[in-house]
Amino acid sequence: MHKLRSFPLAKLAKGFSRLSSRLKSTGERPSAPLGSRILTNRDDIFKHNMWDHVQWTEGDKENARQMAEENSCVQIPLEEQGTFDTEAFQYWDKFYEMHQDKFFKDRKWLFLEFPELLPSAAKSQTTNSRLGDQQEACTSPSGSSTDTETINQQHTSTNTSHQQEACVEKHDAATQTTTYPGQHASFKILEVGCGVGNSVFPIVNSIKETDTFLYCCDFSLCAIQLVKAHPDYDESVCHAFVHDICEEMASFPFPLQSLDVILAVFVLSSIHPDRIQGVMNRLSTYLKPGGIFLFRDYGRYDFSQLRFKKGRCLSENFYTRGDGTCVYFFTKEEVHHLFSNAGLEEIQNLEDRRLQVNRGKKVAMHRVWLQSKYSKSHPPSPS
């Protein structure tokens, strides 16, 4: 395994020693969300596979910046980049054809980090019943991408609001009399980029006794076929379908402003950065007023970014892997800009810094993920 030369264990241990002293002096411990396993004794670094709330020094940040600058100094020529965007679904189809449903693990941490996935009546019961057996899993939520190849703004853009209102009116006129899957459910969830169902089936198995319906889509036909072939797939609570969220004219099988929750876990990072805002703008029109958008994805200078070799960079902080799939690495500020420009308001926007450990090879890897929650405000009451 590639070792990060810029993060020697001696420096890591020194950093954790400082964190330990700070925690002891304040009597405080970072708590959920994002886990609570804190490394307070440098001799314990290899006792677990993951440590939470890792503090980076200014030196760590500068070393990471230099490594990203070095591996992005040689970019793939523009004339060769188009295929990674226009044929993205083919690359992911090949990925799922090769790996089937064996590559990623089910995200058992979902309900601890995103309890909003459950309707209010079921939240307490489900979360409590799963807390014991999920606590270990939730401390290390992992990315749904090929790692092994490896402004709370309350006043949104007027133009965006007007565009969304016009889109809602046009879409509503076409769907008022249309029946659609799950239309009678009182609580509706959409997962975009669902892959082979690593979020789908933890959700499905938790909503069967509730008045909840889950929609899930992916632009890979192979992935959707695998979801539908899964023994837990249940059409009475779930509808899986092929859909490219980058396609402006593609329609969803439900009306605008009909969703309570949209979930995007390690999905937006696979889209070309120039197209992400358009995707966010369109998706946000499907949320009800008061609905919530749940997001988790790769953060800037994550280990998987720093391990890229020269010649894999497409543009700043945007890379292609050896299998043709792509990944972008976000900052908190970029995430906030994307959501607020789509007319959504910040509830949570966190940077999740962890230390992932290969205990066999005695290798420590800095992981950086972003986790956010943004809501759609209710329209102002008429005066």
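Residues numbered from 1 in each chain as written. Predicted model: local features only at pLDDT ≥ 70, side-chain atom pairs only at ≥ 80, totals over all residues. Heavy atoms only, no water.

### Things to note about the sheet that holds strand β7 (residues 313-315)
Sheet strands pair via backbone hydrogen bonds, and the direction of the pair is either parallel or antiparallel.
Phase 1 of the analysis: Across the sheet, 3 strands lie side by side as β7-β8-β9; this open sheet has antiparallel pairing. Each of the sheet's edge strands pairs with one partner strand only, and the pair in question is β7 and β9 (326-328). Averaged over all adjacent pairs, the angle separating strand axes in this sheet is 30°, with direction ignored.
Phase 2 of the analysis: Looking at chain direction, strand β8 (residues 318-320) and β9 are connected through 3 bridges and run antiparallel. Of the residues in β9, the one forming a bridge with Y319 is V327. (Pairing = 2+ DSSP bridges. Helix = DSSP H or I, 4+ residues; strand = E, 2+ residues; numbered from the N terminus. Axes fitted to C-alpha atoms, helices over the stretch in contact; angles between N-to-C directions.)

### Structural notes on helix α10 (residues 273-284)
Residues separated by three or four positions in an α-helix point in the same direction, a consequence of the helix having 3.6 residues per turn.
Phase 1 of the analysis: Look at α10: 18 Å from first C-alpha to last across 12 residues, which is about the 16 Å you get at 1.5 Å a residue.
Phase 2 of the analysis: Taken together, the buried positions of α10 are I276, Q277, V279, M280, N281, L283 and S284. (Expected span 1.5 Å × (residues − 1). Buried < 20%, exposed > 50% of the residue type's maximum accessible area, 1.4 Å probe, protein only.)

### Structural notes on the pairing of strand β2 (residues 187-192)
Every regular strand shows the same layout, with side chains that alternate between the two sheet faces.
Phase 1 of the analysis: Of all 6 residues in β2, 6 are buried; the element is thus mostly enclosed.
Phase 2 of the analysis: What you see with β2 is no split at all: F187, I189 and E191 on one side and K188, L190 and V192 on the other are buried throughout.
Phase 3 of the analysis: Where β2 meets strand β3 (residues 212-218), 6 bridges bridge the pair, whose relative direction is parallel. Of the residues in β3, the one forming a bridge with F187 is T212.
Phase 4 of the analysis: For the crossover that starts at β2, traverses helix α8 (residues 200-207) and ends in the parallel β3, the hand is right-handed.
Phase 5 of the analysis: Examined bridge by bridge, β2 and strand β5 (residues 259-265) share 3 bridges and lie parallel to one another. Within β5, the position partnered with I189 by the bridge is V261. (Right-handed = clockwise from strand over helix to strand, strands pointing away.)

### Side note on the sheet that holds strand β6 (residues 287-298)
Phase 1 of the analysis: Read across the sheet, 8 strands follow the order β1-β10-β11-β6-β5-β2-β3-β4 without closing on themselves; strand pairing throughout is mixed. One side of each edge strand has no neighbouring strand; the edge strands of this open sheet are β1 (50-51) and β4 (238-242).
Phase 2 of the analysis: Inspection of the sheet shows strand β10 (residues 344-358) paired to strand β11 (residues 363-376) by 14 bridges, in the antiparallel sense. Counterpart to L355 in the pairing with β11 is H366.
Phase 3 of the analysis: In this fold α8 packs onto β2, β3, β4 and β5, with an angle of close to 165° to the strand it touches most, β3.
Phase 4 of the analysis: The sheet contacts of helix α9 (residues 221-229) involve β3 and β4, and relative to β4 the element is tilted by about 160°. (Contact = heavy atoms within 4.5 Å.)

### Focus: the packing of α10 against helix α12 (residues 332-341)
Phase 1 of the analysis: Close contact between α10 and α12 brings their axes to 8 Å; oriented N to C, the two are set at 45°. On the basis of their axis angle, the class for α10 and α12 is oblique. α10 and α12 meet at a crossing whose hand is right-handed. Facing α10, whose interface residues are I276, Q277, M280 and N281, α12 presents H337, L338, F339 and N341.
Phase 2 of the analysis: For the contact of α10 with α12, the per-class residue count stands at 4 nonpolar, 4 polar and no charged. (Parallel < 35°, antiparallel > 145°, perpendicular 65-115°, else oblique. Left-handed = near helix turned anticlockwise from the far one by under 90°. Nonpolar A, V, L, I, M, F, W, Y, C, P; charged D, E, K, R; others polar.)

### Remarks on the side chain of Q371
Phase 1 of the analysis: Here Q371 shows up in strand β11.
Phase 2 of the analysis: A polar atom in the side chain of Q371 sits 2.8 Å from the side chain of R296. (Polar contact = N/O pair within 3.5 Å; in protein donor to acceptor, adjacent residues only side chain to side chain.)

### Describing the side chain of S199
Phase 1 of the analysis: Relative to the assigned elements, S199 resides in the loop between β2 and α8.
Phase 2 of the analysis: Of note is the side chain of S199, whose polar atom sits 3.5 Å from the side chain of E191.
Phase 3 of the analysis: Aside from chain neighbours lying at most four places away, what touches S199 is R107, L110, E191 and L263.

### Here's the deal with the confidence of the model for the chain
Phase 1 of the analysis: Averaged over all residues, the pLDDT of the chain equals 79, while 73% of them reach at least 70.
Phase 2 of the analysis: The model gives residues 129-163 a pLDDT under 50, and that stretch makes 77 contacts with residues more than four places away or in other chains.
Phase 3 of the analysis: The model gives residues 172-176 a pLDDT under 50, and that stretch makes 2 contacts with residues more than four places away or in other chains. (pLDDT = per-residue confidence, 0-100.)

### Notes on the environment of I245
Phase 1 of the analysis: Here I245 shows up in the loop between β4 and β5.
Phase 2 of the analysis: Using a relative accessible area of 11% as the deciding quantity, one classes I245 as buried.
Phase 3 of the analysis: The contacts of I245, once residues within four sequence positions are left out, are V192, C217, F252, V267, I271, V279 and R282.

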